[in-house]
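Chains, contacts and geometry: an overview
The primary structure of each chain is shown beneath.
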Amino acid sequence: MELDAEKATPGEVFWLKAGTASIWLTTALGVLHPYYRSVGHDWLSRLGLPDWLMWVTCAGELVLAIIILVLPPRWWLMAAQVSGVTVFTIILAVLEPSLLAHPFGMLTKNLPFAALVITVWLISREGWTGRALWILRAGTALIWITEGLFPKILFQQPMEVAVVANSGLVPMSAPVFLMLLGFAQLISGVLALVLKGRLLRWLLMAQVAALVVLPLLVSVQDPMLWFHPFGPMTKNFPIIAGTLGVLHRCSR
């Protein structure tokens, strides 16, 4: 523990815990929607697994969300979340490698989530050390780098091109717009790691706004994404919580 580490306030710990719990809670409740069950059935079939496992898993996720909110952070709770997300990511990446470059971050958004989970445990154990803040900062910055580089610059997908083209908001070619947006996101992620002071705070506020606005624009054309079991929209909640956490600490 660093000698000058500032103790995390109960409000900070709860806010970040709520960000991690949001994923397990929304995924657990999503099983009530038929679209969620339809997608879940297809993936379980590919693995040769029965549908009832989906219900059992969601029940476990609901219990996990409650435990996260009620109990103080524990190492085993952190380990369970990180290992679960890691196994989930590896299995899906092996079955469908294109998910690693999915335009809505089906798998890449697991990186900032894992960083948030580790940060919650660290700040409860040792306070806001440089290590804790940088893990959170790197996690929230990395999603902008991966989202900009892979689905928008290197591996554009027809799904996202169609969303942009059909939006009626872009006065240029959809692929060109996506590439420009990708460079903007890539630069945003790098700057989030190197900027300091007021410029960093402005950038973080802009990122939070984008994390709110962009999913809303996408969901106008495909609202079912909110009920997808891989959480392309709901995984923005922990990223927002983590970004606000970095913003709060940098403001101090």
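Description of the structure in this document. (Residues numbered from 1 in each chain as written. Predicted model: local features only at pLDDT ≥ 70, side-chain atom pairs only at ≥ 80, totals over all residues. Heavy atoms only, no water.)

Time to look at the overall build of the chain. Across its full length, the chain carries 10 helices and zero strands. Taken from N to C terminus, the helices and strands of the chain fall in the order α-α-α-α-α-α-α-α-α-α. Against the 2.2 N^0.38 benchmark of 18 Å for 252 residues, the chain shows a C-alpha radius of gyration of 18 Å, consistent with a compact globule. Here the chain, with 252 residues, has 46% of them falling under the buried criterion. Contacts in the chain between residues at least 24 apart in sequence constitute 73% of all its contacts with a sequence separation of at least 6. Only carbon and sulfur atoms are counted for the fraction: they give 74% of the accessible area of the chain, which is about 12,400 Å². Each charge class in the chain can be summarised by its mean position, and for the 16 positive and 12 negative side chains these summaries are 9 Å apart. (Helix = DSSP H or I, 4+ residues; strand = E, 2+ residues; numbered from the N terminus. Rg over C-alpha atoms; globule rule 2.2 N^0.38 Å. Buried < 20%, exposed > 50% of the residue type's maximum accessible area, 1.4 Å probe, protein only. Contact = heavy atoms within 4.5 Å. Areas by Shrake-Rupley, 256 points an atom, 1.4 Å probe, with all protein chains shown as cover. Lys, Arg positive; Asp, Glu negative; His and termini not counted. Charge placed at Lys NZ, Arg CZ, Asp CG, Glu CD.)

All right, on to the packing of aromatic side chains then. Evaluated as defined, the whole model comprises four aromatic pairs. Ring centres of F88 and F230 lie 5.5 Å apart, and the angle between their planes is 75°; on these two criteria the pair is classed as edge-to-face. Of this pair, F88 sits in helix α4 (residues 75-95) while F230 sits in the loop between α9 (197-221) and α10 (236-251), and the two are 142 residues apart along the sequence. Its relative accessible area of 31% is what places F88 among the partly exposed residues. Residue placement shows R46 over the ring face of W43; its charged tip is 4.7 Å from the ring centre. (Phe/Tyr/Trp six-rings, centres within 6.5 Å; stacked < 30°, edge-to-face > 60°. Lys NZ or Arg CZ within 6 Å of the ring centre and 35° of its normal.)

Within the secondary structure layout, T243 lies in helix α10. Aside from chain neighbours lying at most four places away, what touches T243 is T140, L204, Q207, V208 and L211.

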